[in-house]
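Here are the chains, one letter per residue:
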Amino acid sequence: NAGVTQTPKFRILKIGQSMTLQCTQDMNHNYMYWYRQDPGMGLKLIYYSVGAGITDKGEVPNGYNVSRSTTEDFPLRLELAAPSQTSVYFCASSHSGGNTEAFFGQGTRLTVV
Amino acid sequence: DAKTTQPPSMDCAEGRAANLPCNHSTISGNEYVYWYRQIHSQGPQYIIHGLKNNETNEMASLIITEDRKSSTLILPHATLRDTAVYYCIVRVATPSNTGNQFYFGTGTSLTVIP
């Protein structure tokens, strides 16, 4: 099992550019999450999904979009990159929303200049 | 409104037990307490979770008070590799109340000293 895989690991974007952060999991988990972590802070939820075709907003969704066409993949889209989106992004998955732990990817470090 | 409260930093001597406290006074009766750690800026790593009974696994022990308002994570023999930020986490409803999420505070930065 590879677990949760995120690509790319690092990226520098110019203001106004767009990109997609990729996330895939091979554990057949229903729940998937995108978090961002700013320096010295905890993780904040951007978007989540409880299954293929179902997504919803977290605490900080502005400037992002997601899709969930398959169980395995949960890409995060930045349409018009802004310096405020400079952060480390983590994708996670869990079997359900109940008594199960979440598994995290190794993160994507994004800098917008 | 803080879901969990942890001290911002702690030190522990190598080989000694590290006891990391957490207050979660607003936890509801069916919510589990989870502990994760994050080394440098890697992805958070699951340690342990529990509801009301004490739990132990190969990494740590979790002691939950009888009223469930607080818990303590115990690393029995801390090593230098245990230096990390430790998060005490509860699952809370998402903003649209259609699911739940792992709610991260700012955690405790544990430094294991040689």
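This text gives an overview of the structure that appears in the document. What you see is a predicted model, and the numbers here were worked out from it, not measured in a lab.

Of the residues lining the interface, 27 residues belong to chain A; the matching set on chain B comes to 24 residues. Here chain A meets chain B over a buried area of about 2,000 Å², counting both sides, of which 49% is carbon and sulfur. Ranking the residues of chain A by area buried against chain B places A:Asn99, A:Glu101 and A:Phe104 at the top, with a combined share of 23%. In this structure, the connection of chain A to chain B is made through zero salt bridges.

On to the sheet that holds strand S1 (residues 4-7) of chain A. Residue and element names in this part refer to chain A. Taken together, the four strands give an open sheet; going across it, the order is S1-S3-S8-S7, and neighbouring strands pair in antiparallel fashion. A single partner strand is all that each edge strand has here, and the edge strands are S1 and strand S7 (64-66). Strand after strand, the sheet turns through a mean of 20° between neighbouring axes, direction not considered. The pairing of S7 with strand S8 (residues 76-78) spans three bridges and is classified as antiparallel. Bridging across to S8, asparagine 65 finds its partner in arginine 77.

All names here are of chain A. Where burial is concerned, the two faces of S1 differ: the one with Val4 and Gln6 is buried and the one with Thr5 and Thr7 is not. Sheet analysis places S1 next to strand S3 (residues 19-25), joined by four bridges and oriented antiparallel. What sits directly across from threonine 5, in S3, is threonine 24.

Moving on to the state of the cysteines. Going through the model one piece at a time under the given rule, you end up with two disulfides over all chains. Sulfur-sulfur distance for the disulfide between A:Cys23 and A:Cys91 comes to 1.8 Å. Taking the torsion about the S-S bond as the criterion, the A:Cys23 to A:Cys91 disulfide, at about -70°, is left-handed. Taken together, the residues span a long stretch of sequence, with A:Cys23 in strand S3 and A:Cys91 in strand S9 (residues 87-94) at a distance of 68 residues. There is no split in this pair, since A:Cys23 and A:Cys91 are both buried. The residue that forms a disulfide with B:Cys22 is B:Cys88, at a sulfur-sulfur distance of 2.1 Å. Measuring handedness by torsion sign, the sulfur bridge of B:Cys22 and B:Cys88 sits at about -80° and is left-handed. In this pair, B:Cys22 sits in strand S2 (residues 18-23) while B:Cys88 sits in strand S8 (residues 84-93), placing the two residues 66 residues apart along the sequence.

The next subject is the pattern of salt bridges. One pass over the structure, following the stated rule, counts three salt bridges over all chains. One salt bridge connects A:Glu79 with A:Arg77, and the closest N-O pair in it is separated by 3.3 Å. Among the residues examined, A:Arg77 registers a relative accessible area of 29% and is labelled partly exposed. Residue B:Asp82 is joined to B:Arg37 by a salt bridge in which the shortest nitrogen-to-oxygen separation is 2.8 Å. One end of the pair, B:Asp82, is in the loop between strand S7 (70-75) and S8; the other, B:Arg37, is in strand S3 (residues 33-38), with 45 residues separating them in the sequence. For the pair B:Asp82 and B:Arg37, one class covers both residues: buried.

It is worth spelling out the nonpolar core at this point. Generally speaking, soluble globular proteins have nonpolar side chains that are buried together. Formed by 23 residues in total, the largest nonpolar core has its most connected members in B:Trp35, B:Leu73, B:Tyr86 and B:Leu110. Of all the secondary structure elements, the ones that give two or more residues to this core are S2, S3, strand S4 (45-50), strand S6 (61-64), S7, S8 and strand S10 (108-113) of chain B. Broken down by element, the residue count for this core peaks at five residues, all from S8(B). If you look at the next biggest cluster of nonpolar residues, it comprises 19 residues, including A:Leu13, A:Leu21, A:Trp34 and A:Cys91.

Residues and elements named next belong to chain B. If you trace the four strands from one edge of the open sheet to the other, you get S2-S7-S6-S5, paired in antiparallel fashion. Here the strands that pair on one side only, and so sit at the sheet edges, are S2 and strand S5 (55-56). Relative to S7, S2 runs antiparallel, the two being bridged by six bridges. Of the residues in S7, the one forming a bridge with leucine 20 is leucine 73.

According to the stated counting rule, one finds 13 aromatic pairs over all chains in the structure shown. The interplanar angle of 35° and the centroid separation of 6.2 Å between the aromatic rings of A:Tyr33 and A:Tyr35 together place this pair among those described as tilted. An angle of 80° between the planes, with centres 5.7 Å apart, marks the rings of A:Phe104 and B:Tyr36 as edge-to-face. One end of the pair, A:Phe104, is in strand S10 (residues 102-104); the other, B:Tyr36, is in strand S3, on a second chain. As far as burial versus exposure is concerned, A:Phe104 and B:Tyr36 are alike and both buried. Cluster of aromatic residues (ring-pair linked, three or more members): A:Tyr31, A:Tyr33, A:Tyr35, A:Phe104, B:Tyr34, B:Tyr36, B:Tyr46, B:Tyr87, B:Phe102 and B:Phe104. Directly above the aromatic system of A:Phe74 lies the positively charged group of A:Arg68, at a separation of 6.0 Å from the ring centroid.

Criteria and thresholds
- Residues numbered from 1 in each chain as written.
- Chains lettered and ligands numbered in written order.
- Predicted model: local features only at pLDDT ≥ 70, side-chain atom pairs only at ≥ 80, totals over all residues.
- Heavy atoms only, no water.
- Contact = heavy atoms within 4.5 Å.
- Buried area = accessible area lost by both parts, 1.4 Å probe.
- Salt bridge = Lys/Arg side-chain N within 4 Å of Asp/Glu carboxyl O.
- Pairing = 2+ DSSP bridges.
- Helix = DSSP H or I, 4+ residues; strand = E, 2+ residues; numbered from the N terminus.
- Axes fitted to C-alpha atoms, helices over the stretch in contact; angles between N-to-C directions.
- Buried < 20%, exposed > 50% of the residue type's maximum accessible area, 1.4 Å probe, protein only.
- Disulfide = S-S within 2.5 Å.
- Core = buried A, V, L, I, M, F, W, Y, C linked by side-chain atoms within 4.5 Å.
- Phe/Tyr/Trp six-rings, centres within 6.5 Å; stacked < 30°, edge-to-face > 60°.
- Lys NZ or Arg CZ within 6 Å of the ring centre and 35° of its normal.

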